[in-house]
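The lines below spell out each chain.
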Amino acid sequence: EGILNPRRTELYNIYKDVVLDSHLTALMNTLKLKVTGSKFWIVDKEGEENEELTKALRSAWFQQYMETFVDSMFYGHSLIQIGGIEGKKFVNLELIPRENVVPEHGIVKSSVYDHATSGTAYREKPYQTWLIEIGEKNDLGILSKAAPLVLWKKGIFGAWSHFAELFGMPVRVGKTDILNPESKINMENMLKNMTSASYAVIGNDDILEFVQSTQTDSYQVYSEMILILN
């Protein structure tokens, strides 16, 4: 959001990570399908359908446009390039990589590392004729609101995984004479080859103790937080 040199590269890298969340992906797809799967008609001011225009828009390029339009709600400002005209229809549409677009200055950069003012001014002719701009120039999309929650959720899943690894399966304890290298190695190899559960090799007089909450539903600390974040 810098004034002189705004750059969204790292933001979109975060978005790529965030949309891997299955719950968020399901919500995004549900919204997209509701829009793109709906039937539509082009009508005049009297409410009569213009069949020719309706037929022209019920085509692949307009489907692409609607999908990109919905995506712009998630990702923010989007710039589409029209891929030519065949008859009365556009051939296709192509989304210009968002990392390369600087909507604040109306610039498309050849490299994401270029300065925000170094590139092609796409709001000028001849480029503006073949471009469709969606969203406000400062729009970062609703993923900017979802990202912190999803990243927090990702951390909670990691903590829950560690909890399950420690307390979800009994720890095997092998007592032996740890001052005897051969005995220690034999005990460790035996425990290692039994299963993948945690194990410890200690001396006969050593004590291994796990201190955990006495509550039997401690897992709910994680599950409830995930439900709230969802």
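Everything below is about the structure shown above.
Our subject in this report is the structure included herewith.

Rules used in this analysis
- Within every chain, residues take consecutive numbers counted from 1 along the sequence as written.
- Predicted model: local features are reported for residues with pLDDT of at least 70 only, side-chain atom pairs are reported and counted for 80 or more only, and whole-chain, interface and lining totals are derived from all residues.
- Side-chain calculation: all heavy atoms of the structure are included, whereas hydrogens and water are not.
- Helical segments are the DSSP runs of H or I of at least four residues, strand segments are the runs of E of at least two, and each set is numbered from the N terminus.
- Note on contacts: a residue pair qualifies if any of its non-hydrogen atoms lie within 4.5 Å across the two residues.
- Shrake-Rupley sampling with a 1.4 Å probe provides the accessible areas, and residues are treated as covered by the protein chains on show and by no other component.
- A 1.4 Å probe that fits into a set of points on a 1 Å grid over the protein atoms alone but cannot get out defines a cavity; an open set with protein on both sides within 12 Å along at least five of seven lines defines a pocket, and lining residues are those with an atom within 4 Å of a point.
- Grid points are joined across faces, edges and corners, and a volume is the space filled by probe spheres set on the points.
- For two strands to be treated as a pair, DSSP must find no fewer than two bridges joining them.
- Lines fitted to C-alpha atoms define the axes here, with helix axes fitted over just the stretch in contact, and angles between the N-to-C directions of these axes take values from 0 to 180 degrees.

1. Looking at the overall build of the chain
Working step 1: Of regular secondary structure, the chain possesses seven helices and ten strands.
Working step 2: Excluding contacts between residues fewer than 6 apart, the proportion of contacts in the chain whose partners are at least 24 apart in sequence is 62%.
Working step 3: Surface summary for the chain: the accessible area is close to 15,500 Å², and the carbon and sulfur share equals 57%.

2. Considering empty space enclosed by the protein
Working step 1: Enumeration according to the criterion identifies one cavity of 30 Å³ or more in this entry.
Working step 2: Estimated volume of the largest cavity: approximately 40 Å³.
Working step 3: Every residue lining the largest cavity is listed: Pro 6, Arg 7, Arg 8, Arg 98, Glu 99, Val 101, Val 102, Glu 104 and Lys 109.

3. Thoughts on the sheet that holds strand β8 (residues 131-134)
Working step 1: The strand order across the open sheet built from three strands is β4-β1-β8, with neighbouring strands paired in antiparallel fashion. The open sheet terminates on both sides in strands that have one partner only, identified here as β4 (93-95) and β8. Taken over all neighbouring pairs, the strand axes of this sheet differ in orientation by 25 degrees on average, direction set aside.
Working step 2: Strand direction decides the pairing type here: strand β1 (residues 78-82) and β4, joined by three bridges, are antiparallel. Along β4, the bridge assignment pairs Gln 81 with Glu 94.

4. Some remarks on the environment of Val 101
Working step 1: Mapped onto the elements, Val 101 comes out in strand β5 (residues 101-102).
Working step 2: A C-alpha to C-alpha distance of 8.5 Å links Val 101 and Val 112, two positions eleven residues apart in sequence.
Working step 3: Here Val 101 is in contact with His 77, Leu 79, Ile 96, Ile 107, Val 108 and Tyr 122, once residues within four sequence places are set aside.

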